[in-house]
Amino acid sequence: MRLINLVPVGTKIDFMRFRKVAAVLSLVLIACSAGLFFTKGLNFGIDFRGGILMEVRTQGPADISRLRSTLNGLALGEVQLQEFGQPSDVLIRIERQAGGEKGQQAAINKAKAALGDEVNYRRTEFVGPKVGGELIEAGVTAVLLAMAAMLVYIWFRFEWQFGVGAVAALLHDVALTIGVFALLGLEFNLSTVAAILTIAGYSINDTVVVYDRVRENLRKFKQMSLNDLLNLSINGTLSRTLLTSVTTLIALGALYFFGGEVIKGFSFAMIWGVIVGTYSSIFIAVPLLVYMNLRRTGLIVGEETEDAPTGNPVDQG
């Protein structure tokens with residue numbers, strides 16, 4: 001069976017040559033993302049800002065487009081509709097209205113009058129800003145705990161240097177994802193948090209593949225300079241990395257263009273995350289090993305290492 005290679009076998013691209021340019025570019029992008037976050041801020045969705053939740057059931061399969069058009073004409077602000085469970089079940093989210101409880105009740109009455117008797121109202125409730133704040137806190141906690149768990153995993157599987165490099169790449173991906181959402185004013189909701197966690201898993205998987213090749217080559221080429229060895233490792237996994245990224249992007253592209261409004265934010269976050277995750281695995285996670293006093297002795301277990309410098313850092317070229 002013939003294997004698919006997106007890059008020629010034996011490719012020798014000098015990725016390490018661009019590590020300083022990539023580092024500067026990434027730092028600038030992270031700084032811009034932080035600036036956008038603290039100045040412009042994120043466009044939090046109903047999940048975080050609070051709002052009205054209405055669960056309705058139609059007589060037959062719900063016409064989401066018609067229901068959305070009806071509710072959007074009421075000037076109630078942001079309205080989200082999501083089919084769940086049966087095709088006739090629809091969850092309606094309406095942004096929090098001014099005027100406190102009376103304002104929310106007025107909006108509910110307005111929506112019910114517009115929808116009429118064609119739907120059965122199964123649940124109506126108001127999500128306050130306190131709940132939204134708790135969701136923000138829970139989302140941040142979930143991302144931080146996931147990163148901490150990944151750091152521990154990489155630390156035990158490889159060495160602490162690899163763990164630091166992997167988490168630095170993850171922080172880079174998360175920061176740039178938040179930055180692009182702030183820049184474009186896209187809605188940031190629980191689906192986006194789920195996308196960020198998925199991006200973290202994708203990115204760490206990509207990084208582990210390259211790190212595993214680095215560890216293998218450290219055992220195999222004990223006298224090779226670290227720069228050459230890292231280049232060899234990246235080139236050796238480049239075809240696999242690009243093939244995985246391209247096929248994932250094809251699937252995400254289909255979701256983005258044909259998956260409907262409900263999943264569009266999630267799909268965009270994933271597309272962006274795959275792109276920056278692939279970049280960070282190559283230009284962030286691996287080059288950082290050069291600056292962290294990486295040693296061969298901790299990676300070679302049960303092997304004789306007389307020809308490797310004992311207790312000395314690998315030549316950094």
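Everything that follows concerns the structure shown earlier in this document.
Figured I'd write up the structure that's included with this text. (Residues numbered from 1 in each chain as written. Predicted model: local features only at pLDDT ≥ 70, side-chain atom pairs only at ≥ 80, totals over all residues. Heavy atoms only, no water.)

Considerations on the packing of helix H7 (residues 190-220) against helix H8 (residues 226-258)
Item 1. As a packed pair, H7 and H8 sit with axes 9 Å apart at the nearest point and diverge in direction by 150°. Compared by their axis directions, H7 and H8 come out roughly antiparallel. Of the two possible hands of crossing, H7 and H8 adopt the one that is right-handed. Seen from H7, the contacting residues are Tyr202, Asn205, Asp206, Val209, Val210, Arg213, Val214, Asn217 and Leu218; seen from H8, they are Leu229, Leu230, Leu232, Ser233, Ile234, Gly236, Thr237, Arg240, Thr241, Thr244, Ser245 and Thr248. (Axes fitted to C-alpha atoms, helices over the stretch in contact; angles between N-to-C directions. Helix = DSSP H or I, 4+ residues; strand = E, 2+ residues; numbered from the N terminus. Parallel < 35°, antiparallel > 145°, perpendicular 65-115°, else oblique. Left-handed = near helix turned anticlockwise from the far one by under 90°. Contact = heavy atoms within 4.5 Å.)

Section: a nonpolar patch on the surface
Item 1. On the surface, a cluster of nonpolar side chains totalling about 550 Å² of accessible area is made up of Val152, Trp155, Phe156, Trp160 and Val164.
Item 2. Listing elements by their share of the nonpolar patch, those giving two or more residues are helix H5 (129-157) and helix H6 (160-184).
Item 3. Looking at the nonpolar patch, the element that brings in the most residues is H5, giving 3 residues.
Item 4. Its place among the elements puts Trp155 in helix H5.
Item 5. Residue classification places Trp155 among the partly exposed residues on the basis of a relative accessible area of 49%. (Patch = residues over 30% accessible without salt bridge, like charges linked within 9 Å, V, L, I, M, F, W, Y side chains within 5 Å. Areas by Shrake-Rupley, 256 points an atom, 1.4 Å probe, with all protein chains shown as cover. Salt bridge = Lys/Arg side-chain N within 4 Å of Asp/Glu carboxyl O. Buried < 20%, exposed > 50% of the residue type's maximum accessible area, 1.4 Å probe, protein only.)

Regarding the environment of Ser26
Item 1. With respect to the helices, strands and loops of the structure, Ser26 is situated in helix H1 (residues 19-39).
Item 2. Sequence separation of Ser26 and Ile284 is 258 residues, and the distance between their C-alpha atoms is 8.4 Å.
Item 3. Setting aside residues up to four positions removed in sequence, Ser26 forms contacts with His172, Tyr279 and Ile284.
Item 4. There is a polar contact of 3.3 Å between the side chain of Ser26 and the side chain of His172. (Polar contact = N/O pair within 3.5 Å; in protein donor to acceptor, adjacent residues only side chain to side chain.)

Some points on the side chain of Gln80
Item 1. Among the structural elements, Gln80 can be located in strand S3 (residues 79-83).
Item 2. Reaching out from Gln80, the side chain makes a polar contact with the side chain of Glu78 at a distance of 2.7 Å.
Item 3. A polar contact is formed between the side chain of Gln80 and the side chain of Glu187, at a distance of 2.3 Å.
Item 4. If we skip the residues at most four places from it in the chain, Gln80 touches Ile46, Leu91, Ile92, Arg93, Glu187 and Asn189.

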